[in-house]
Amino acid sequence: MAQFIWQNGTMKPFAEATTHVMSHGLHYGTGVFEGIRAYELANGESAIVALKEHVQRMFDSAIPLAMKIPYTLDEVCQAIIDTVKANNLKSCYIRPLAYYGLPPTKVRVRPDPKTPVELIVYAYEMGDYLPDVALDVLISKYIRVHPESTAVGAKICGHYVNSLQALIEIAGTKYNELIMLDHEGFVAEGSSDNIFVVKDGVIYTPELGTILTGITRKIVIGLASDLGYKVVESKIKPEELFTADEVFFTGTAVEVRAAGTINDQTIGTGSEGPITKHIKTEYLKICSGQNSKYSNYLTIVK
Ligand code: PMP
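Residues numbered from 1 in each chain as written. Predicted model: local features only at pLDDT ≥ 70, side-chain atom pairs only at ≥ 80, totals over all residues. Heavy atoms only, no water.

So, on to the site of the ligand. Taken together, 16 residues sit near the ligand, with Lys155, Tyr160, Glu189, Thr216 and Thr252 positioned nearest. One nitrogen or oxygen atom from the side chain of Glu189 is found 2.6 Å from a nitrogen atom belonging to the ligand. Interatomic distance of 2.6 Å between a side-chain N/O atom of Thr216 and an oxygen atom of the ligand. The fraction of the free accessible surface of the ligand (380 Å²) that becomes covered by protein chains is 96%. Listing elements by their share of the shell around the ligand, those giving two or more residues are α5 (215–226) and β14 (246–251). For the shell around the ligand, the per-class residue count stands at three nonpolar, eight polar and five charged. (Near = heavy atom within 4 Å. Polar contact = N/O pair within 3.5 Å; in protein donor to acceptor, adjacent residues only side chain to side chain. Areas by Shrake-Rupley, 256 points an atom, 1.4 Å probe, with all protein chains shown as cover. Helix = DSSP H or I, 4+ residues; strand = E, 2+ residues; numbered from the N terminus. Nonpolar A, V, L, I, M, F, W, Y, C, P; charged D, E, K, R; others polar.)

Okay, structure coming up:
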């Protein structure tokens, strides 16, 4: 567990980083957050992956909520670096969260303009988010939030009640992950990851518009192209999953994980396929500083 949490400009002991029960974000899910990973490098330093991209997405996610984060992008990046340092962490998961705090007046959905925007940064040693095996996956009966109901590309707290309900459906079953379809029945994404489908050497992934704008997705699309694969962003029908050679998920927490089965049907050989393995190995090389072409993605914690 983290010893220190950065809260509104101050590094506080974990137990002291509290908030008011009438905070707007608690009532209405009006927050935006990020999940960021840092990796320990061979020289013992810690490198945060895609720090600027994550913080930029947090600022972008705040726009549909008309939320003004009261710090600059660089200040939030520095708060994140300071939190990793204060907790003496190397490989870790970092969670910045900005939310509407205690409104000065009434309880109402549209927050009073004087409602403060609070910001916290938490970091801890996460390890694997999903087991490092070919996953058993279920196509959820819950569809991904409709893109005309909310800014689905944004990482808004309230969106996660959608993922949670889908996850509750597989709790206590053999399934480790799920796939949500979009409102038109096309493949959207997992509970906390984007999805890729490999067929005849070509890598397909759902286009943006009904999914979170994944940062690992973006890195993997660039990486796969660099490695000589053709990558196509397109609409994917659920039945195309079953005839795929490989299906894999990407996400900051998840990293890269293969699907072994989907709805109990074996995908490819049922184990991690060669292209998934290649992408996963090369992605982890980027994260651990072993690919100088991608060193721009790393922020060394000093
Ligand atoms: N989709 C959802 C719903 C997610 O929660 C996440 C995790 N942030 C992702 C995709 C993957 O995004 P990223 O690669 O930016 O972590």
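Let us look at the side chain of Asn87. Inspection of the secondary structure puts Asn87 in the loop between α3 (73–86) and β6 (92–100). On the accessibility criterion, Asn87 (8% relative accessible area) is buried. Not counting the four nearest positions on each side in its chain, Asn87 is found in contact with Ala2, Gln3 and Phe4. (Buried < 20%, exposed > 50% of the residue type's maximum accessible area, 1.4 Å probe, protein only. Contact = heavy atoms within 4.5 Å.)

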